[in-house]
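Coordinates in review
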Amino acid sequence: MLKVDNIQVYYGPIQAIKGVSFEVHEGEVVSLIGANGAGKSTILKTISGILRPKSGSVTFLDHDLTKTEAHKIVKMGLAQVPEGRRIFLQMTVRENLEMGAYTQKGVSQDDLQMIYDRFPRLKERYKQIAGTLSGGEQQMLAMGRAMMSHPKLLMLDEPSMGLAPILVDEIFSIIKSFHESGTTVLLVEQNASKALSIADRAYVLETGKIVLSGTGAELAQSEEIKKAYLGG
């Protein structure tokens, strides 16, 4: 479904991504894990068209994304939930969800109901200004907004950041439910334990390079990963 091939990405003179290659197959959950500053978010921004690679290619459903505008990439069926949520703080919960459907022909009541069924708290607060929601509720809203575009591939950037442990568990169970309903997931996450627990496959990034890859279970058992990321 997605193929990233030897991308090199720069911020001015500084090289952030150094020849990264990986694949995401339909129906998988693939996790990118690594410390803060490893380049995980930069990779997602490059896939979604916010950044451009200096060289290499990104292919989604056989379309070259490296010269495609970001809004056209969303229409192809690729949605990103950005780090920090980036919801529209002055708009209501419902208005935020409706914005997620801008690539569709209209806002479907069935789609809204599907989101409310998944996130009962959003239904309770649908008239509430999004900036007044808790951090966990804002994360749910960002995820619900992305799902309104009917993505074939959902990319999540640090969905657990800043959340209490009980909310982290809830967010990850929701990600699993998206996957079980047929959405392919690419997950960027510092919480390696949680990311590996739901991943079919995972890649470990360090300073802009992939240094390890394997199944989620294999990496969770790796002594190197345990020492570096799991506190073992």
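Criteria and cut-off values
- Residues numbered from 1 in each chain as written.
- Predicted model: local features only at pLDDT ≥ 70, side-chain atom pairs only at ≥ 80, totals over all residues.
- Heavy atoms only, no water.
- Helix = DSSP H or I, 4+ residues; strand = E, 2+ residues; numbered from the N terminus.
- Rg over C-alpha atoms; globule rule 2.2 N^0.38 Å.
- Buried < 20%, exposed > 50% of the residue type's maximum accessible area, 1.4 Å probe, protein only.
- Contact = heavy atoms within 4.5 Å.
- Areas by Shrake-Rupley, 256 points an atom, 1.4 Å probe, with all protein chains shown as cover.
- Lys, Arg positive; Asp, Glu negative; His and termini not counted.
- Charge placed at Lys NZ, Arg CZ, Asp CG, Glu CD.
- Pairing = 2+ DSSP bridges.
- Axes fitted to C-alpha atoms, helices over the stretch in contact; angles between N-to-C directions.
- Salt bridge = Lys/Arg side-chain N within 4 Å of Asp/Glu carboxyl O.
- Core = buried A, V, L, I, M, F, W, Y, C linked by side-chain atoms within 4.5 Å.
- Expected span 1.5 Å × (residues − 1).
- pLDDT = per-residue confidence, 0-100.

Before going further, it helps to spend a moment on the overall build of the protein. If you tally the helices and strands in the protein, you get ten helices and ten strands. Since a compact globule built from 232 residues should have a radius of gyration of about 17 Å, the 17 Å found for the protein is in line with a globular shape. For the protein, the spread of C-alpha atoms along the principal axes amounts to about 45 × 40 × 30 Å. Counting all 232 residues of the protein, 49% fall into the buried class. The long-range fraction of contacts in the protein, counting pairs at least 24 apart against all pairs at least 6 apart in sequence, stands at 66%. Accessible surface, the protein as shown: approximately 10800 Å² in total, 50% of it carbon and sulfur. Each charge sign in the protein was given a centre, from 26 positive and 26 negative side chains, and these centres are 5 Å apart.

Okay, the sheet that holds strand β3 (residues 29-33) next. Pairing is mixed across the open sheet formed by six strands, whose spatial order is β6-β7-β8-β3-β9-β10. At either margin of the open sheet sits one strand with a lone partner, and together these are β6 (78-81) and β10 (209-215). Going from strand to strand, the sheet's axes swing by 15 degrees on average, the running direction of each strand aside. Inspection of the sheet shows strand β7 (residues 153-157) paired to strand β8 (residues 184-189) by five bridges, in the parallel sense. Opposite L154, over in β8, you have V185 as the bridge partner. Running at roughly 170 degrees to β6, helix α6 (residues 135-147) makes contact with β6 and β7 of the sheet. Relative to β8, helix α7 (residues 165-180) is tilted by about 155 degrees, and along the sheet it contacts β3, β7 and β8.

The subject of this paragraph is the sheet that holds strand β4 (residues 55-60). Whenever strands of a sheet pair, they do so through backbone hydrogen bonds, lying parallel or antiparallel. Across the sheet, four strands lie side by side as β2-β1-β4-β5; this open sheet has antiparallel pairing. Single-partner strands in this sheet number two, and they are β2 (14-24) and β5 (63-64). Two elements, strand β1 (residues 2-11) and β2, share eight bridges in a ladder whose sense is antiparallel. Across the sheet, the residue bridging to Y11 is I14, located in β2.

A word on the side chain of K40. In this structure, K40 sits in helix α1 (residues 40-47). Ignoring any residue separated from it by four or fewer positions in sequence, one finds K40 in contact with L32, I33, G34, A35, E158, V188, E189, Q190 and L205.

Take the pattern of salt bridges next. This structure, assessed with the given rule, holds nine salt bridges. Among the salt bridges present, the one from E158 reaches K40, with a minimum N-O distance of 3.6 Å. Here E158 is found in the loop between β7 and α7, whereas its partner K40 is found in helix α1, with 118 residues between them in sequence. Among the residues examined, K40 registers a relative accessible area of 4% and is labelled buried. When the shortest N-O distance is used, the salt bridge between K226 and E223 registers 3.8 Å. Remark: E223 and K226 occur in helix α10 (residues 223-229); sequence separation between them is three residues, near one turn of the helix. Judged by its relative accessible area of 24%, K226 falls in the partly exposed class. Residues joined by salt bridges that share partners form a network here, namely E124, R125 and E137.

Bringing the nonpolar core into the picture now. In terms of nonpolar packing, the biggest core is built from 43 residues, with M143 and I175 touching the most fellow members. Of the residues forming this core, the biggest block, seven residues, is contributed by α7. Beyond its immediate stretch of four places on either side in the chain, M143 contacts V81, F119, L156, I171, I174, I175 and F178. In terms of nonpolar packing, the next biggest core, distinct from the first, is built from 27 residues, V24, L65, L153 and V188 among them.

This part covers α6. Under the 1.5 Å per step criterion, the end-to-end length of α6 is 19 Å for 13 residues, consistent within 8% with the ideal 18 Å. The buried count for α6 comes to twelve of 13 residues, which makes it a mostly enclosed element. For α6, the full list of buried residues reads G136, E137, Q138, Q139, M140, L141, A142, M143, G144, R145, A146 and M147. If you follow the buried residues of α6, they end up packed against β6, α3 (93-100), α4 (109-118), α5 (120-124), β7 and α7.

Relative to the helices and strands, Q190 is located in the loop between β8 and α8 (192-198). Among the residues examined, Q190 registers a relative accessible area of 36% and is labelled partly exposed. When residues no more than four places from it in sequence are discounted, the contact partners of Q190 are G34, N36, K40, E158 and M161.

Mean pLDDT for the protein: 90, with 97% of residues reaching 70 or above. Taken element by element, the predicted model of the protein shows its lowest mean pLDDT in α10 (81) and its highest in β1 (97).

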